[in-house]
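Coordinate analysis (summary)
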Amino acid sequence: MFKLDEVKEELLNRLVTSNLKPQLVFSVLLTMFKGPNEYTSLNLKEFGGHKDEVNCVAFSSDFQIMVTGSDDERVRVFNARSCEFLCKLRGHTAAVKTVAISPDSKLIASGSFDKTVRIWQTKNTELLHCLKGHTKSVEVVCFSPNSELLCSGSWDRSAIIWQVESGLPFKILCGHENLVQSIAFSKDGAFIATGSWDYTVRVWYIDDEHFNKPISRFVLKGHKGNIHSVSISKDSILASGSWDKTIKLWNIRNGQCLHSCVGHQGWIQAVTFSSDGTYVASASDDETVRIWDVVDGKCLKILEGQTDQAQHCGFTPGGALVASGAAVTTLAIM
């Protein structure tokens, strides 16, 4: 398989010798693996249009809509099946670092280096709220299962839970000692997990008991690197992916570590559960996506090929696995 960096270097050398001006085209690569048994590669799609590095990608629950965010301060919306570009969302004044689509597909959220969170309506692309409360860059946004709450995590070491309808803060979660990089709600909406660069995951109640000063129920320790991704299954099993190259599976009801999944040779960029909770998939800098058995923590499948840029992975309702790269560049000669 070709290496993207080698192709870019060769093209640049040709451009220098020919005095032609290169144009950088920033895009997202999406690969779908047919499941749930073989997980063979089905196809490869490319989505372009951004004018600077792509930082993030998110899908609707039915995988019909894909949203991307970029250093060009824009959010772009696509039809994930046809690759059709649908619209561009403007308003941020700095790089867009994170995007999310609500479970009911009615809203899009984006977080930016400009310290704000924006919520957009998908039906007409109008801005619903511009949420201000963080004091540093917003790195992650995540909707609750009922789409009524939105949680954002920031370099200011806090996570803020917002009421979507009113745009008002519901709770501010403090306790991490570094960037809050990842967030996940439990399927019943009772808990929220936050993963941080302080090497820990915190599990919080979502109730009114400690409204003024929320307290994390558990602090999950064991990783030896930044926590980059967290996910919660329908059975309340939490997966945490770390730059220590491991995935850990936890019982969020008691804080017990069930398994430590070892095998990746690079940083873990994303973790996600299948809809029935029996599998967890992980995307890594080692150019592979792996599928693990939740019961025993063993690796069942290693997916290679068009996965060298994978920074996101997700299971479709039909059991297929989608891997996408959110920072892919190609060169075009104009």
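Right above here is the structure, for reference.
The following refers to the structure shown. Because the structure is a prediction, the values reported are computed rather than measured.

Applying the stated criterion to the full structure yields 3 salt bridges. Salt-bridge contacts for glutamate 139 lead to lysine 97; the nearest nitrogen and oxygen are separated by 3.3 Å. In this pair, glutamate 139 sits in strand β11 (residues 138-143) while lysine 97 sits in strand β7 (residues 96-101), placing the two residues 42 residues apart along the sequence. Overall, lysine 97 belongs to the partly exposed group, its relative accessible area being 24%. Its salt-bridge partner being aspartate 235, residue lysine 234 comes within 3.1 Å of it at the nearest N-O pair.

Turning to unusual backbone geometry, a few remarks are in order. Of note in this structure, cysteine 83 is not a glycine but carries a positive phi near 70 degrees. Relative to the elements of secondary structure, cysteine 83 occurs in the loop between β5 (75-79) and β6 (85-89). A positive phi angle is found at serine 105, which is not glycine, with a value near 65 degrees. Inspection of the secondary structure assignment puts serine 105 in the loop between β7 and β8 (107-112).

What follows covers the pairing of strand β15 (residues 180-185). Within β15, 6 of the 6 residues are buried, which leaves the element mostly enclosed by the surrounding structure. Both β15 and strand β16 (residues 191-196) contribute to a ladder of 5 bridges, which runs antiparallel. Counted as the bridge partner of phenylalanine 185 is isoleucine 192 from β16. Counting the residues in the hairpin turn of β15 and β16 gives 5 residues, including glycine 189, whose phi is positive at 75 degrees.

Rules behind the numbers
- Residues numbered from 1 in each chain as written.
- Predicted model: local features only at pLDDT ≥ 70, side-chain atom pairs only at ≥ 80, totals over all residues.
- Heavy atoms only, no water.
- Salt bridge = Lys/Arg side-chain N within 4 Å of Asp/Glu carboxyl O.
- Helix = DSSP H or I, 4+ residues; strand = E, 2+ residues; numbered from the N terminus.
- Buried < 20%, exposed > 50% of the residue type's maximum accessible area, 1.4 Å probe, protein only.
- Pairing = 2+ DSSP bridges.

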